[in-house]
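# Summary of structural features
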Amino acid sequence: AASQFVVVDSQVHTGYGFAGMNVQGCRVQIVSSMVGFGLAGHAIVADNTSDLRLLGSTSLIAPTSAHAIYGYPTVRRASTVSVTGLVQAGSMVTVADESLSGTGGALGGSVSATLNGANGNIALLVLGVSASPVFVPGILDAWWLDPAASASVGLAVQSGPLASTVPIPLAPTLQGQVFGFQGLFLTPTSLSVSNPHRFVIH
């Protein structure tokens, strides 16, 4: 309750009579994941103070008698997201698919990330030390990287996904450290950010 979290490339199953995800007062980003698809139960139960951001190839699947979304949350859904089942939401708007996927890596190897976004927007792909999420005035979603230990690894006016691969130095002090990627978008009217992608260097 009253937290924010990100689910990426995961499967969240419902049980008989139990929701796949039950949140109260939370900000949740679900990215390229499948939630629901059990024998019974709602896929997501979220109260009216919760915010759901659905990105990438996410699928919400509920049986005929259940809800894909239940409980009047605010829902922001990319057009790439599929929803099977009833929907009960305080509001639901379609947003750009500002989703980010990435890999981890080992010393001497590399890490990579791919950032989706609306064509024509300026996109900045950032790599840095993972940190507690903070909110920046004018941006709806949180920033999950340490500003003092981050650097741009890609910049483009988007006409498709922005991808970057970064080598990992053979520095033993990096092993076991948590890093992350995140995207920042500049549109003609606003700033926005992608979901974060965290990884541990092996």
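Here's a quick rundown of the structure. (Residues numbered from 1 in each chain as written. Predicted model: local features only at pLDDT ≥ 70, side-chain atom pairs only at ≥ 80, totals over all residues. Heavy atoms only, no water.)

### Thoughts on a nonpolar patch on the surface
For clarity, the cut-off: Here, patches come from residues exposed beyond 30% relative accessible area and free of salt bridges, joined within 9 Å for like charges and within 5 Å for nonpolar side chains (Val, Leu, Ile, Met, Phe, Trp, Tyr). The protein chains shown are the only cover counted for residues, whose accessible areas, like all others here, come from Shrake-Rupley with a 1.4 Å probe. Each reported salt bridge corresponds to a side-chain nitrogen of Lys or Arg within 4 Å of a carboxyl oxygen of Asp or Glu. Counting from the N terminus, the helices are the DSSP runs of H or I reaching at least four residues and the strands are the DSSP runs of E reaching at least two. Think of it in three bands: with a 1.4 Å probe and only protein chains considered, a residue is buried below 20% of the maximum accessible area for its type, exposed above 50%, and partly exposed in between.
On the surface, I122, L155, V157, L186 and L191 cluster together to form a nonpolar patch covering roughly 450 Å² of accessible area. Its location among the elements puts L155 in strand 17 (residues 143-157). Taking relative accessible area as the criterion, L155 reaches 60% and is therefore assigned exposed.

### Looking at the pairing of strand 9 (residues 67-70)
How we decide: Each pair of strands is called paired provided DSSP finds at least two bridges between the two strands.
Sheet analysis places strand 6 (residues 44-46) next to strand 9, joined by two bridges and oriented parallel. Each residue of the ladder has a partner; that of V45, found in strand 9, is Y70.

### A short note on the side chain of T58
Put simply, the test is: In protein, a polar contact requires one atom able to donate a hydrogen and another able to accept it; more generally it is a pair of N or O atoms within 3.5 Å, and residues adjacent in sequence count only if both atoms are side-chain atoms. For this analysis, residues touch if any pair of their heavy atoms sits within 4.5 Å.
As for its placement among the helices and strands, T58 is situated in the loop between strand 7 (51-55) and strand 8 (59-61). Here the side chain of T58 touches L55 through a polar contact of 2.8 Å, landing on its backbone oxygen. Once residues within four sequence positions are removed from consideration, T58 is found in contact with I30, V31, S32, S33, T80, V81 and S82.

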